[in-house]
Amino acid sequence: MATINVDVKNVLGTVTAEQIQAINPEAADGLRKVYDGSGLGNDFLGWVSLPSEITDAHLADLEATAKSLNENCDYVVAVGIGGSYLGAKAVIEALSDQFAALRPEGDFRRTRVLFAGQNIGEDYLSELQDFLTDKRFGIIVISKSGTTTEPAIAFRLLKEQLEAQVGKAEAAKRIVAITDARKGALRQLATEEGYKTFVIPDNVGGRFSVLTPVGLLPIAVAGFNIRELVKGACLMENATKDADVESNPSLLYAETRNALYRAGKKVEILVNYNPKLHFFGEWWKQLYGESEGKDGKGIFPASVDFSTDLHSMGQWIQEGERTIFETVLSVENVERKVVIPSDAANLDGLNYLAGKRVDQVNKMAELGTRIAHVDGGVPVIRITVPALREQYLGELIYFFEKACGISGYILGVNPFNQPGVEAYKRNMFALLEKPGYEEETKAIKARI
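So, how was this worked out
- Residues numbered from 1 in each chain as written.
- Predicted model: local features only at pLDDT ≥ 70, side-chain atom pairs only at ≥ 80, totals over all residues.
- Heavy atoms only, no water.
- Buried < 20%, exposed > 50% of the residue type's maximum accessible area, 1.4 Å probe, protein only.
- Helix = DSSP H or I, 4+ residues; strand = E, 2+ residues; numbered from the N terminus.
- Contact = heavy atoms within 4.5 Å.
- Patch = residues over 30% accessible without salt bridge, like charges linked within 9 Å, V, L, I, M, F, W, Y side chains within 5 Å.
- Areas by Shrake-Rupley, 256 points an atom, 1.4 Å probe, with all protein chains shown as cover.
- Salt bridge = Lys/Arg side-chain N within 4 Å of Asp/Glu carboxyl O.
- Lys, Arg positive; Asp, Glu negative; His and termini not counted.
- Charge placed at Lys NZ, Arg CZ, Asp CG, Glu CD.
- Phe/Tyr/Trp six-rings, centres within 6.5 Å; stacked < 30°, edge-to-face > 60°.
- Polar contact = N/O pair within 3.5 Å; in protein donor to acceptor, adjacent residues only side chain to side chain.
- 1 Å grid on protein atoms, 1.4 Å probe; cavity = no way out; pocket = protein on both sides within 12 Å on 5 of 7 lines; lining within 4 Å.
- Points joined across faces, edges and corners; volume = space filled by probe spheres on them.
- Nonpolar A, V, L, I, M, F, W, Y, C, P; charged D, E, K, R; others polar.
- Pairing = 2+ DSSP bridges.
- Axes fitted to C-alpha atoms, helices over the stretch in contact; angles between N-to-C directions.

**Q** Help me understand helix H17 (residues 422-431) in this model?
**A** Considered for burial, the residues of H17 that qualify are Lys425, Met428, Phe429 and Ala430. Where H17 is buried, its residues touch helix H7 (149-166) and helix H18 (438-445). Looking one or two places after H17, you find Glu433, whose phi comes out positive at around 60°.

Structure below.
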């Protein structure tokens, strides 16, 4: 059966196979900690066995809720930030017709999922509200606490708008809250208003939450098969249990990227050659950035869309400071077929491509770039994905999650906390004169 594959042969000019293998004991120890909970952050390991623990009843409940929203809404706004939106956005974008949003409103084949709460853009929120005026819309609000500033602002605005448009009782039927099981402002509101709710497990952090209702419900609302997504994650969960680098792709990836880090490669660039994977890169950046960037350590995660960014970042990657390595996501099979035609005048000089598929040209651009970058001193890890379908995306998500946990332990950090994220919030609350921050307000105003 086809599955994702990891190829590290194009890093061997920078590190040796022996240097990668030398990390195996640390990687195996990291894998053990992921399973036995003996490492830092062991209270956030619920994602490890999550795919295989998802029940048919749970999936049926998510599907039924998605169907209800589909029947009553042409648009559903998923309100969340960070891990509360990136996973769903990544999967939906990877599977969607990229021009569906431009189709006439009557040409719907599925409910369109929009996103809010991922920024504090006044123009963005105003334009979204203008668009939703007189539209049939619903809301999926995602927050453990219900008080995170960005999504809380968006939800307050959209809830008021929805209630004004359809009435409080009908609005309550179109709002789903994904939140803590027992506590928090959103849990209290959902109970009082009678919203349908799903639980964010206490032991699953936001950036690992795409296979919880946080990601699964918006993906189901968008019309995609969450059972296949979970199936793929289950397959990868089973494939990454053993400490055998020959059979465990997550172990191989974690070892290789850490060997490169120790060799001075401080920046990892996730490369795709399919524009549908742009937001997968955004999800990956959060996963690795929040998990590893602490204690003065960590590979800096960046992402690019090729061949587009070859015309902007290509020069730097080819000849800039040699502190980078690439991880290329290579999609073997595309869903559509477009053949390049012949042209009698041939003014553009492209007749040598006549009869070839566009994807064949793209594949040769990928191969040629990999060769050029390796020759230019950029090590390349290649991850092959059979196709952009739910099963393979589920595999890819779990593959990266497992590798992230292992890699963080190799690095010697807690892969599951994010203490640095709170720094900007404290300053923002002080500047906005939030109650309880009086001393911080005085201190920070003295600096500006």
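There is more to say after this.
**Q** Even after reading the chapter, I still don't get a negative patch on the surface, so can you show me in this structure?
**A** On the surface, Glu122, Asp123, Glu127 and Asp130 cluster together into a patch of negative charge. Following the sequence through the fold, Asp123 ends up in helix H6 (residues 122-132).

**Q** Help me out: how do you make sense of the packing of aromatic side chains in this one?
**A** Geometry of an aromatic ring pair is reported as the spacing of the ring centres plus the angle between the planes. In total, this model carries 17 aromatic pairs according to the counting rule given. Judged by centre distance (6.1 Å) and plane angle (45°), the rings of Trp47 and Phe416 are tilted. Of the two residues, Trp47 sits in the loop between helix H2 (24-36) and helix H3 (50-53) while Phe416 sits in the loop between helix H16 (390-411) and H17, which places them 369 residues apart along the sequence. A relative accessible area of 5% means that Phe416 is categorised as buried. Where Tyr253 meets Phe400, the ring centres are 5.6 Å apart and the plane angle is 75°; that geometry is what we call edge-to-face. Taken together, the positions of Tyr253 in helix H12 (residues 249-262) and Phe400 in helix H16 put the pair 147 residues apart, joining distant regions of the chain. Three or more aromatic residues link up through ring pairs in this structure, and these residues are Tyr253, Phe280, Trp283, Trp284, Tyr288, Phe399 and Phe400.

**Q** Teacher, can you tell me more about the pattern of salt bridges here?
**A** Pairs can form between side chains of opposite charge whenever their charged atoms are close. Evaluated as defined, the whole model comprises 26 salt bridges. Across the pair Asp180 and Lys183 runs a salt bridge, and its minimum N-O distance is 3.3 Å. Relative accessible area serves as the criterion here: at 53%, Lys183 is assigned to the exposed category. Salt-bridge contacts for Arg382 lead to Glu366; the nearest nitrogen and oxygen are separated by 3.3 Å. Within this pair, whereas Arg382 is found in strand E10 (residues 380-387), its partner Glu366 is found in helix H15 (residues 358-375), the two being separated by 16 residues in sequence. For Arg382, a relative accessible area of 23% puts it in the partly exposed group. By relative accessible area, Glu366 is classed as buried at 3%. Where salt bridges share partners, they join Asp29, Arg32, Lys33 and Asp36 into one cluster.

**Q** What is the right way to read the side chain of Ser96 from this model?
**A** Tracing the sequence through the fold places Ser96 in the loop between helix H5 (86-95) and strand E3 (112-116). Reaching out from Ser96, the side chain makes a polar contact with the backbone oxygen of Ile92 at a distance of 2.6 Å.

**Q** Mind showing me how you'd approach the layout of surface pockets here?
**A** Once rolled over the atoms, a probe with the size of a water molecule shows which space is left empty. For the second largest pocket, the calculated volume is near 820 Å³. Lining of the second largest pocket is provided by 34 residues; of these, Ile81, Thr148, Gln418, Glu422 and Lys425 occupy positions nearest its centre. Secondary-structure elements contributing two or more residues to the lining of the second largest pocket are H7, helix H13 (278-292) and H17. Ranked by residues supplied to the lining of the second largest pocket, first place goes to H17 with five residues. Among the residues making up the lining of the second largest pocket, the classes are represented as 12 nonpolar, 14 polar and eight charged.

**Q** What am I meant to see in empty space enclosed by the protein here?
**A** Counted under the stated rule, the structure contains two cavities of 30 Å³ or more. Approximately 50 Å³ is the volume attributed to the largest cavity. Around the largest cavity sit Asp7, Lys9, Asn10, Arg370, Val380 and Arg382, which together line it. Here the lining of the largest cavity is built from residues that sort into one nonpolar, one polar and four charged. Approximately 30 Å³ is the volume attributed to the second largest cavity.

**Q** Would you mind going over the sheet that holds E3 with me for this structure?
**A** Within a beta sheet, neighbouring strands are joined by backbone hydrogen bonds and run either parallel or antiparallel to one another. In spatial order, the strands read E3-E2-E4-E5-E6; together these five strands make up an open sheet with parallel pairing. At either end of the open sheet lies a strand with only one pairing partner, and these are E3 and strand E6 (196-199). Neighbour-to-neighbour, the strand axes of the sheet open up by a mean angle of 20°, direction not taken into account. Taken strand by strand, helix H10 (residues 213-221) contacts strand E2 (75-79), E3, strand E4 (137-142), strand E5 (175-179) and E6, and its axis lies near 165° from that of E4.

Coordinates in, geometry out; function isn't part of it.
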